Amino acid sequence: MTEALNLKSRLLRRGGGIAAGALLAATLLTPAVSEAQTITGVMHSGLRVLDPVITTAHITRNHAYMIYDVLLAQDENFEPQPQMADWEVSDDGLTYTFTLRDGLVFHDGEAVTAEDAVASLNRWGKRDSGGQLIFDVTESLEATDEKTLTWTLSEPFEPLISVISKQSALPPFIMPKRVAETSADTPIEEHIGSGPFVFVEDEFDPGQRVVYERFDDYVPRDEEPSWMAGGKHVYVDRVVWVNMADQQTAINALGAGEIDYIEQVQVDLLPMVESNPDVVVERRDPLGYQTMGRMNFKHPPFDDKKLRQAALLALSQEDVLATMVGNPEYYELCGAIFGCGTPLADETGSESLTSGGDPEAAAQLLEEAGYDGTPVVLMAPTDVVTLNDQPVVAAQALRNAGFVVDLQPMDWQSVVTRRASMDPPSEGGWNIFFTNWMLPEVADPLINVMLNGRGDDGWFGWPEDEAVEALRADYVAAASPEEQAEVARKIQAHALDEVLYVPLGQYFFPQATGTNISGIIPAPVPVFWNVKKED
Amino acid sequence: MLGYIIRRILAILPVLLIVAVIVFLMLRLSPGDPAAILAGDAATPAQIDRIRTELGLNDPLHVQFITWMGQLLQGDLGTSLISRTDVWTMIERRIDPTINIALLTIFISVMLAVPMGVIAAWKHRTWADYLVMTFSVLGFSIPVFVIGYIFISIFSLQLRWLPVQGYTAPSEDLLGFFQRAILPALTLATIYIALIARMTRASMLEVLNEDYIRTARAKGVSERDVLFRHALRNAAVPIMTIIGIGFALLIGGVVVTESVFNIPGIGRLTVDAILARDYPVIQAMILLTAGIYVLVNLLIDLSYSLIDPRIRY
Amino acid sequence: MEKAVQPASSSQWLLGALSLPRRWRLGAAPIIAGLLLLAIVLATLLAPLFVTHDPLAMEATKRLQPPSSEYLLGTDPYGRDMFSRVFYGGRVSLLIGVGAALVSIALGLIIGLIAGFFRTADAIIMRIMDSLMAIPAILLAIALVALSGASIGSVIIAITIPEIPRVVRLVRSVVLSAREEPYVEAATALGSSMPKILIQHLMPNTMAPLIVQGTYICASAILIEAILSFLGAGVSTEIPTWGNIMAEGRSYFQLNPGLIFWPGLMLSLCILSINLIGDTARDLLDPRLKKREA
């Protein structure tokens, strides 16, 4: 319907004839709903999972930012800012008090209370790794009155505010108490928040289409919007997210005015949009994504530190990124595990990665370690554009260094399933896989899951690394940003020496919009508040 | 006749039961894990296992199968493991585009292919015959998605006659429906036309050699009546059969065209569900398509006696 | 007419539907098709002798290049030589086609003979075959590949399983009509054992339609492989096939149509000639048809 409207206005503008008349006739017959101002966006994937606590999928988090609000939010300087609540910390660092601002209501009309926030934080704390660390030292978290919650710790936890205000992967979204009381392992069934948009359940088509309407009772903050912080003013009536399996289709649709926005344009296809005067292409996410490889510490050959180091030496960021992205304007070599452009960035130990790899040194290490030709099982997804290329390029690089590589193609969901297997590679396990993170998901030692050294309790690959655990504890205890940065440097050096993972550099997506769209906030998470559309 | 129909309908049940068993076993013995997909990138194996238990995926196989059968008997297709949406609702929202485009495809195919086949048989061994046959071999030899891309680049991008993607329901906007459905339907129709045109031609060729056609011609019946009244009627049974058999091809093609033209139909729903190991959705969709296939072929078998009075059951 | 309504004969109808103008059958078309197919097969087999690059060698700096004297058909998104990939890709596509044809014929033959001879097994086998036929082949194939992981073997199996029922029906119907023939009855009466009768008398009768069916399976397997790759369920990009070369090139269709055009052309020519040869084989091998023509 709305597509028809757009097409109509375009045709009319160009003085179109019969077709426009016919479309006009068609739209005259339709109810007033079609008057609503709608932004139709093609997102990077289809929304399927609606519970932002149970999954870390980006599309689900983006959905959650539409319909839920957060207590605190990060601004463009990585600083926590009040969003739903202000906070105070006691001098001993043991008591945090959050006070909800006035005017907060859920989409069902109920006021947001401190009880709702407590229940939401509790559920989140069972799933989020940073949250788990906070709850490990929590004495009590309770609603002291309608609007106040008090969080009491048994020992100081310096980064508490930065964990609560993080924008990815699992930010603590505030839900009504009855929803938040769902077990943290069961997906929620009711989707009500207090955010600036309302989820239209009747029009939800999983994996294909999601519809949001403006929440008229949302009271935005007065501050200017800055990343996830500041006032969330909504200027359109509806936002529709659609998923298009084929990028060319999306680009053609944008060119024809059938849609308004593409969240991620495949860089190779930019020539298709750049020639169109009705389309604006911009790199709005300042930080981008980190692509990385992770080895399995449990099984040969990568249970041997020397062979992990050899693999790291064999890899070249330039080769990976040039193949994946192509246009150098949209990628950046970066040896920092915390990502370049973030406060903790440091590139110690990454020289070979950023200078084209060192296959000779890798071959030498292979010999020193007495590599016996155990094949490296490399899981290669075939159905996700941003994950297809890394394994193929890496396989060639590892072979050049002397590894025997068994590249196994499978769909991404099979990778996701199989990487959870602790069995030997020959029995359904694996040796390496690759994935991508948004920078905020790796920028901090407490958030970055690859730096978990707790063996089987940690993330896939399961390194048992007491040293990194000790360093993370030092980070929690560090009193000042300078001390934190100092610990972070040690973590960087240690992580690349142990090869906890291999950062393969950063890449960015251009976004494309029609020229009639303005006000999109340049943030890592695509948000639709502040966006205006001219008819 | 009635007894035959009842017997045929009863025979559908074991077929669907076997389909159900095949699909169920295939899915449960496969290595995929919907819980891992649900949990996303940062989950640990322990968290994934807890979700498995919550979803009932850690129950013994026979328990899961009996639970599913029990649900089915109550007309409940279950809930998507991934989106927690009712499977019926998901199918309801997606089935309209697929059915409408499939009907349009069948209509276009029959309207084009039957005359093509008749003409090819009538003008046997002339350029018209060779043209039709060349087309019908080509229709079998080019992958569906390539045909789709070629149509898009000609009609949507070069000539700018039609929108590039999407779907509009005919109930909302009939013109919009045709504008968006015509390319996917033509794409799907290519292989179908090839199939039906060849069948029509082969079947007509046999009939045209029969004595009664010669008699009809000798009696001075007009050529058009000979072809369409006498010959086509007698050649109709194999043509109907091939339409039924081709229905399976159509369902296969739908999966691809829905991706190329971005149509929110059940083909894409099924493939997405397979890739996400969303068991209840895959099971429901495969049962549904199998059921439709069996029913369509039953209806076609029954229609034989209407077309050809010599056939009795 | 009565007989024609039996479902068992629907496969013959499918074959009938694939028939070609008679002059083509006996004229130049099958010969041209045969030569074309021979040329394609030889070119893919002898590819190492004339291609200019390693089909797997990637050069990140030379991605998506237009055709040039160095890269005759340009390069793909990994910076690999398209010319080499198209010829090497043909090897695997043909292997999948021939493999699927052989496996489905072999399995279908065994199952069909059993169904045709043993009435008790027949009912069960045919119900299972009906069920398999009711599941759309593409969906079944995607599910099977997703289930077993994508390798050449699993793709062949995934394409084979939906094809088996047609072969089984074909074989069974031949057996059912042949077992009423006097020579089989005579052989049974003379005390020949079942397996011996099967091999000596019935196998030859089923061979002709099977060879024809095999060519069609081969052609459709090559196409299905392309569709599986298109849907993200194909073999690794390290094993080029016409299907996955096209699938990888499809995002660039509008900018570099050659990425789809060249493998697509080879694939279409190949399938075209296989189909034409299948039609010819059908006419030459089908004794009933010969009788009719006479």
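Residues numbered from 1 in each chain as written. Chains lettered and ligands numbered in written order. Predicted model: local features only at pLDDT ≥ 70, side-chain atom pairs only at ≥ 80, totals over all residues. Heavy atoms only, no water.

Attention now goes to the domain arrangement of chain A. Residues and elements named next belong to chain A. Along its sequence, chain A is carved into domain 1 (2-54 + 62-66 + 189-285 + 510-533), domain 2 (68-180) and domain 3 (289-507). Its C-alpha centre places domain 2 at a distance of 32 Å from the equivalent point of domain 3. Listed as interface residues are 13 residues of domain 2 and, on the opposing side, 16 residues of domain 3. Summing both sides of the interface, domain 2 and domain 3 together bury roughly 1100 Å²; the carbon and sulfur share of this comes to 67%. At the boundary of domain 2 with domain 3, the tally comes to 1 residue pair in polar contact (both at pLDDT 80 or more). When contributions to the side of domain 2 that touches domain 3 are tallied by element, the ones reaching two or more residues are α5 (129-136) and α6 (160-164). Of the residues forming the side of domain 2 that touches domain 3, the biggest block, 3 residues, is contributed by α5. (Domains from an automatic or database assignment. Contact = heavy atoms within 4.5 Å. Buried area = accessible area lost by both parts, 1.4 Å probe. Polar contact = N/O pair within 3.5 Å; in protein donor to acceptor, adjacent residues only side chain to side chain. Helix = DSSP H or I, 4+ residues; strand = E, 2+ residues; numbered from the N terminus.)

As a further point, take the pairing of strand β17 (residues 376-381) of chain A. Residue and element names in this part refer to chain A. Among the 6 residues that make up β17, 6 are buried, leaving the element largely enclosed by the rest of the structure. Burial along β17 is two-sided: the face carrying V376, L378 and A380 and the face carrying V377, M379 and P381 are both buried. Judged from the 6 bridges that link them, β17 and strand β18 (residues 405-410) form a sheet pairing that is parallel. Residue pairing in the sheet places L378 in a bridge with L407 of β18. For the segment spanning β17, helix α14 (residues 389-401) and β18, crossover handedness is right-handed. (Buried < 20%, exposed > 50% of the residue type's maximum accessible area, 1.4 Å probe, protein only. Pairing = 2+ DSSP bridges. Right-handed = clockwise from strand over helix to strand, strands pointing away.)

Let's shift gears to the confidence of the model for chain C. Residues and elements named next belong to chain C. Summary statistics for chain C give a mean pLDDT of 82 and a share of 87% for residues scoring 70 or more. By mean pLDDT, helix α1 (residues 10-17) is the weakest element of chain C at 45, and helix α5 (residues 82-117) is the strongest at 93. Taken together, the stretch residues 1-15 has pLDDT below 50 and engages in 38 contacts with residues farther than four places along the chain or on a different chain. Low pLDDT (under 50) marks residues 289-294, which in the prediction has 6 contacts with non-local residues, meaning those over four places away or in another chain. With a pTM of 0.85, the predicted complex shows an ipTM of 0.85. (pLDDT = per-residue confidence, 0-100.)

Among the nonpolar cores identified, the biggest contains 359 residues, and W151(A), F157(A), Y212(A), F403(A) and F145(B) are the most heavily contacted of them. Broken down by element, the residue count for this core peaks at 17 residues, all from helix α8 (residues 174-208) of chain B. Not counting the four nearest positions on each side in its chain, F157(A) is found in contact with G93(A), Y96(A), L133(A), I134(A), V137(A), V163(A), L446(A) and V476(A). Counting residues in hydrophobic clusters, the runner-up holds 7 residues, among them A121(C), I125(C), M129(C) and V168(C). (Core = buried A, V, L, I, M, F, W, Y, C linked by side-chain atoms within 4.5 Å.)

You can see L170(C) is positioned in helix α8 (residues 152-178). Taking the C-alpha atoms as reference points, L170(C) and L113(C), separated by 57 residues in sequence, lie 10.0 Å from one another.

Under the feature "domain: Solute-binding protein family" (unreviewed entry), the UniProt entry names residues 80-439 of chain A. Note that residues 80-439 of chain A is 27% helix and 22% strand, and that its end C-alpha atoms are spaced 16 Å apart. (UniProt positions renumbered as here; feature names shortened; annotations may be inferred.)

Our focus in this paragraph is the UniProt feature "transmembrane region" (unreviewed entry) in chain C. Residues and elements named next belong to chain C. UniProt annotation of "transmembrane region" (unreviewed entry) refers to residues 28-51, 92-118, 138-161, 210-235 and 255-277 when read in the numbering used here. Between the end C-alpha atoms of residues 28-51 the distance is 31 Å, and the span holds 92% helix and 0% strand. Counting secondary structure, residues 138-161 comes out at 88% helix and 0% strand; the distance between its end C-alpha atoms is 11 Å.

Accessible area lost during the coming together of the parts is what is often quoted as the interface size. Counting residues at the interface gives 62 residues for chain B and 49 residues for chain C. Between chain B and chain C the total buried area reaches about 5000 Å² when both faces are included, carbon and sulfur atoms providing 77% of it. At the junction of chain B with chain C, the criterion picks out 0 salt bridges. Taken together, chain B and chain C are joined by 2 residue pairs in polar contact (both at pLDDT 80 or more). When contributions to the side of chain B that touches chain C are tallied by element, the ones reaching two or more residues are α1 (2-28), α6 (127-141), α7 (144-158), α8, α10 (223-260), α11 (266-275) and α12 (279-307) of chain B. (Salt bridge = Lys/Arg side-chain N within 4 Å of Asp/Glu carboxyl O.)

Another point: the packing of α6(B) against α8(B). Residue and element names in this part refer to chain B. At a closest axis distance of 8 Å, the pairing of α6 and α8 adopts a crossing angle of 135°. By the criterion of interaxial angle, the relationship of α6 to α8 is oblique. Once α6 is placed against α8, the crossing between them reads as left-handed. Packed against α6, whose contacting residues are D129, V132, M133, F135, S136, V137, G139 and F140, the element α8 presents T190, I191, I193, A194, L195, A197, R198 and R201 at the interface. Its residues assigned to classes, the contact of α6 with α8 comprises 10 nonpolar, 3 polar and 3 charged. (Axes fitted to C-alpha atoms, helices over the stretch in contact; angles between N-to-C directions. Parallel < 35°, antiparallel > 145°, perpendicular 65-115°, else oblique. Left-handed = near helix turned anticlockwise from the far one by under 90°. Nonpolar A, V, L, I, M, F, W, Y, C, P; charged D, E, K, R; others polar.)

For the rest of this paragraph, the subject is the interface of chain A and chain C. Taken together, the contact between chain A and chain C spans 25 residues of the former and 22 residues of the latter. Between chain A and chain C lies a buried interface of about 1900 Å² when both sides are counted; carbon and sulfur atoms form 50% of it. A per-residue breakdown of the area chain A buries against chain C is headed by Q248(A), V392(A) and P409(A), which together make up 26% of the total. Scanning the region where chain A abuts chain C turns up 2 salt bridges. Salt-bridge contacts for D268(A) lead to R63(C); the nearest nitrogen and oxygen are separated by 2.7 Å. Our enumeration of links across chain A and chain C arrives at 11 residue pairs in polar contact (both at pLDDT 80 or more). Looking at which element gives the most residues to the side of chain A that touches chain C, the answer is α14(A), with 6 residues. Classifying every residue of the side of chain A that touches chain C by side-chain character gives 10 nonpolar, 9 polar and 6 charged.

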